[in-house]
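Residue-level structure breakdown
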Protein chains: 2
Amino acid sequence: MQETAQDPARQPAFVLVRPQMGENIGASARAMWNFGLERMRVVGPRDGWPNERAVALASGAGRLLDRAGLFGDVPGAIADCTYVYATTARERGMTKPVVTPERAMIEARDRIAAGGRVAILFGPERAGLENEDIARANAVVSVPVNPEFPSLNLAQCVLLCAYEWRRATEAAPQAVMAMARTEFATTAEIAALGDHFEERLEEAGFFFPEEKAEGMKRNLRNLWSRMPLTRADVQSFHGMMRQMVRWAGRRDPS
Amino acid sequence: MQETAQDPARQPAFVLVRPQMGENIGASARAMWNFGLERMRVVGPRDGWPNERAVALASGAGRLLDRAGLFGDVPGAIADCTYVYATTARERGMTKPVVTPERAMIEARDRIAAGGRVAILFGPERAGLENEDIARANAVVSVPVNPEFPSLNLAQCVLLCAYEWRRATEAAPQAVMAMARTEFATTAEIAALGDHFEERLEEAGFFFPEEKAEGMKRNLRNLWSRMPLTRADVQSFHGMMRQMVRWAGRRDPS
């Protein structure tokens, strides 16, 4: 993970247009802050502003609501922006670029890096954005949902866009194979483990019948080398084998 | 967009482990179906099953609840699976690969294309998955959230994974797994292998001193579940252990 806090001035503004339920405003604030986004704007909230239900639902993200800009209309909310995306659930038949959230957030990152100011419009719960809101946007963001069931709610749409913002701006390794400080075994250690097992299994009569012994040994070598064993794992396997031999009482390998 | 409906048999199972609120189960069903996923499994839901609140909240996705598998415990829910991911909010200090949702769903797609069966575990609302649930998984999925505010809820975590599944499966698979025809062992087979070793090692006095026995056993479980074992590998390990016991002459496990 890159840095904890981004400079909010270099983030897109998420603009909630005529939101209805305070709960959804609060949930949207949480969704944004989950991914480090801080700049919320609210246009004509149905139940006034500030909104108690929103504050209650935002919990740890309440700061976003305190600092949110309140606007009377969409043109006012996006007046300072150089590029605006409108989120829609379905095609509106407008002649405008339609992009995925991933693409939009990559573009937003690049536009902001070049000095631009970007806003994303999110429509009210039931109906979504009006055509005239969409007409004010430069491009449309559409989440590729199941066409049989396109039922994302406001906070979910905000969540996916915020998630994509973080993905676009953080050079996160996809797999933290690090497994935090794990020391993987060296090939020499794996070979020694293979030797140990082969020797003891040989004594125990495992490689039988004789004409199959070579193939069995090769398979076993192959098995060990295919496993992503840590040093601790190798020690565990040595320990198990030593204990079985000790138990057998045939030998004390100390 | 590829096709509308995927073959559900070729989708990962989303396993809700001990979910508490019916609302969240319903919202999770909606989140899955938004992205075309149908295979839900539920382990020990707090308020019984079926759950009225879940059905009410699922609305158009109610079908997923009707068809959801109900299980008493995690091993039962993943018994038929060959690869299991556990979602966690924070590092648990376990030696396991940690991947992003994107990476996990790309891997899941490729594993399923190669004949595997994949499950994703989601923990209960408050506490998340228990360490012993995580120990049964092959890898951990961690959403790269704002470290100052990692507050994703159950349905949001399901939503992000389902979204990444759709992203991963809309495009052509980027890589077909090298071990295409390999038959990986199921978690039930791995669990049986773990039981076999634990039993015999117990008899052999491996878990010593007693106050460390529990931790040693957990580490060993964790080791087995972390290895990409094939069915043939599992048979090899059973065979080695049987032979050591036979050699010890203490018992003939036939």
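Above this text is the structure in question.
By a widespread convention, an interface's size corresponds to the accessible area lost as its parts come together. Residue-level contacts link 66 residues of chain A with 67 residues of chain B. Our count for the contact surface shared by chain A and chain B stands at five salt bridges. Ionic pairing is found between Arg 226 of chain B and Asp 233 of chain A, a salt bridge with its closest N-O pair at 3.0 Å. Our count for the chain A to chain B interface comes out at 19 residue pairs in polar contact (both at pLDDT 80 or more). Sort the elements by how many residues they give to the side of chain A that touches chain B and helix H10 (residues 231-248) of chain A lands first, with eleven residues. The residue inventory of the side of chain A that touches chain B, partitioned by class, reads 40 nonpolar, 14 polar and twelve charged.

Of the voids in this model, the largest pocket is the one considered here, and its volume is about 1,000 Å³. Together, 28 residues line the largest pocket, and Ala 27 of chain A together with Asn 24, Ala 27, Asn 153 and Ala 155 of chain B are the ones closest to its centre. Here the element with the most residues in the lining of the largest pocket is helix H1 (residues 22-34) of chain A; it accounts for five residues. In the lining of the largest pocket, the residues fall into twelve nonpolar, nine polar and seven charged.

Another aspect to go through is the pairing of strand E4 (residues 83-87) of chain A. All names here are of chain A. Counted residue by residue, E4 has five buried out of five residues, so it is predominantly covered. In E4, alternate side chains face the same way, and those of Tyr 83, Tyr 85 and Thr 87 on one face and Val 84 and Ala 86 on the other are all buried. Bridge count between E4 and strand E7 (residues 139-141): three bridges; the pairing is parallel. Each residue of the ladder has a partner; that of Tyr 85, found in E7, is Ala 139.

What follows covers the sheet that holds strand E2 (residues 40-43) of chain A. All names here are of chain A. Read across the sheet, seven strands follow the order E3-E2-E1-E6-E4-E7-E5 without closing on themselves; strand pairing throughout is parallel. Where the open sheet ends on each side, the last strands, each with one partner, are strand E3 (69-71) and strand E5 (98-99). Pairing of strand E1 (residues 13-17) with strand E6 (residues 118-122) involves four bridges; the strand directions are parallel. By the bridge assignment, Leu 16 is partnered in E6 with Phe 122. Across the sheet, H1 touches E1 and E2, and the angle it forms with E2 is around 160°.

Rules of the game
Residues numbered from 1 in each chain as written. Chains lettered and ligands numbered in written order. Predicted model: local features only at pLDDT ≥ 70, side-chain atom pairs only at ≥ 80, totals over all residues. Heavy atoms only, no water. Contact = heavy atoms within 4.5 Å. Salt bridge = Lys/Arg side-chain N within 4 Å of Asp/Glu carboxyl O. Polar contact = N/O pair within 3.5 Å; in protein donor to acceptor, adjacent residues only side chain to side chain. Helix = DSSP H or I, 4+ residues; strand = E, 2+ residues; numbered from the N terminus. Nonpolar A, V, L, I, M, F, W, Y, C, P; charged D, E, K, R; others polar. 1 Å grid on protein atoms, 1.4 Å probe; cavity = no way out; pocket = protein on both sides within 12 Å on 5 of 7 lines; lining within 4 Å. Points joined across faces, edges and corners; volume = space filled by probe spheres on them. Buried < 20%, exposed > 50% of the residue type's maximum accessible area, 1.4 Å probe, protein only. Pairing = 2+ DSSP bridges. Axes fitted to C-alpha atoms, helices over the stretch in contact; angles between N-to-C directions.

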